[in-house]
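# Working through the structure, step by step
Listed here are the chains, written in short residue letters.
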Amino acid sequence: MLSQNFMLEQDPLSLDRIRSILVRLEDTIIFDLIERAQFAHNPRMYIRSAFPELQAKGFQGTWLDWFLKEIETFHAKARRYTSPDEYPFTSDLPEPVLKPLEFPKILYPNDINANPSILSFYTRSIVPRITRRATLALAATKRLKGIVGDDEYEDDGNYGSAATIDVEILQAVSKRVHYGKFVSESKFAADPAAFVPHILKPNREALEALITKPEVERKLLLRLRKKAATYAQDFNPDGDAIAGSHLNGSAKIDVDGVVELYENYIIPLTKEVEVDYLLHRLDGMTEEEIDTLVGPKHCA
């Protein structure tokens, strides 16, 4: 969650400050993926109405849906979602027990929420990939016990532990993706005239070109690969990496999978959020207000 100190900074929209937050989120996401990878896929957790125990309570969603609802209900009471960088996955949450903190108005009013897409992609694409090693190991163990066929795969019964980590990953990815709004606002505030024409005559391609920095993305992916490869190793008691602990399928996490998660999903979805935010950046503004925003030399 954004701290009051961040919000009260002299320049909370500084791109350097925003990037430092995104870099820290890389660590959070990688470490949480490593934790999730120790459990099997457990696909039952992601199937609606798969748990009679929840149906008996009148809940028809998935185990993960229920987990999110319960955890986010508590977080809402603790005013987590009054912070402009936090977005819940569930709706109809309770009001905070504490009085909300007074955050300055940094973002332009909007209702952009990419969480439904994040949840779907995570459960359908990311979980099966990062848990592949644990799932195969589980199958081998079950075969030794005479359990074969469909029953030997996927399910280790660790529904609570796996779902707890799922929620942490989803919340971190959500924060990372929605930080695109802060990036867009920062770039827009620095040069409104460059963006306004492409907002008034909606041009997604032009707006995306304005916010895309290929060299920054290239460095991000290189840094991410180095981090994931380092964290995927085992270390001895002296803190030295154990030689070969990241090779031959013994790494704690699928390093290529982490990089592909960013390259093929997190970065593109963040851009979508950034562009969607910009397309609504002039909503409700009068022509005079827009002219003032752009400046006189651009209005002639």
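This report concerns the structure included in the present document. (Residues numbered from 1 in each chain as written. Predicted model: local features only at pLDDT ≥ 70, side-chain atom pairs only at ≥ 80, totals over all residues. Heavy atoms only, no water.)

Its identity is not glycine, yet R79 carries a phi of approximately 65°, on the positive side. Examined against the element boundaries, R79 turns out to sit in the loop between α4 (63-77) and α5 (115-130). By relative accessible area, which is 21% here, R79 ends up partly exposed. Located in the positive-phi region is D92, a residue other than glycine, with phi close to 55°. (Helix = DSSP H or I, 4+ residues; strand = E, 2+ residues; numbered from the N terminus. Buried < 20%, exposed > 50% of the residue type's maximum accessible area, 1.4 Å probe, protein only.)

This part covers helix α9 (residues 192-200). Those residues of α9 not exposed but buried are P192, A193, F195, V196 and I199. Down the axis of α9, the smallest arc covering the buried residues is 160°, so these residues share one side. Where α9 is buried, its residues meet α8 (180-190), α10 (204-211), α12 (255-279) and α13 (287-294). (Arc of directions from axis to C-beta. Contact = heavy atoms within 4.5 Å.)

Okay, the pattern of salt bridges next. Oppositely charged side chains can pair when the atoms bearing their charge come close. If you walk through the whole model with that rule in mind, you get 15 salt bridges. E86 serves as the salt-bridge partner of K175, at 3.2 Å between the closest nitrogen and oxygen. Taken together, the positions of K175 in helix α7 (residues 159-178) and E86 in the loop between α4 and α5 put the pair 89 residues apart, joining distant regions of the chain. R281 is the salt-bridge partner of E185, the closest N and O atoms lying 2.8 Å from each other. Remark: R281 occurs in the loop between α12 and α13 and E185 occurs in helix α8; sequence separation between them is 96 residues. Overall, E185 belongs to the buried group, its relative accessible area being 6%. Connected via shared salt-bridge partners are E26, D27, R223 and K227. (Salt bridge = Lys/Arg side-chain N within 4 Å of Asp/Glu carboxyl O.)

Okay, the nonpolar core next. Core analysis: the biggest nonpolar cluster contains 62 residues, and L33, W63, I118, L170, V177, I253 and Y262 have the highest contact counts within it. At the level of secondary structure, the elements contributing two or more residues to this core comprise α2 (15-36), α4, α5, α7, α8, α11 (214-231) and α12. Discounting residues that sit within four places of it in the chain, I118 has contacts with F89, L170, V173, S174, V177, H178, Y265 and L269. Core analysis: the next-biggest nonpolar cluster, separate from the first, contains 13 residues, F195, L207, I211 and V294 among them. (Core = buried A, V, L, I, M, F, W, Y, C linked by side-chain atoms within 4.5 Å.)

Our focus in this paragraph is the packing of α2 against α11. Between α2 and α11, whose axes approach to 10 Å, the crossing angle comes to 40°. When the axes of α2 and α11 are compared, the pair comes out oblique. Both α2 and α11 take part in a crossing whose hand is right-handed. Across the interface between the two elements, V23, E26, D27, I30, F31 and I34 of α2 pack against L220, R223, L224, K227, A228 and Y231 of α11. Here the contact of α2 with α11 is built from residues that sort into eight nonpolar, no polar and four charged. (Axes fitted to C-alpha atoms, helices over the stretch in contact; angles between N-to-C directions. Parallel < 35°, antiparallel > 145°, perpendicular 65-115°, else oblique. Left-handed = near helix turned anticlockwise from the far one by under 90°. Nonpolar A, V, L, I, M, F, W, Y, C, P; charged D, E, K, R; others polar.)

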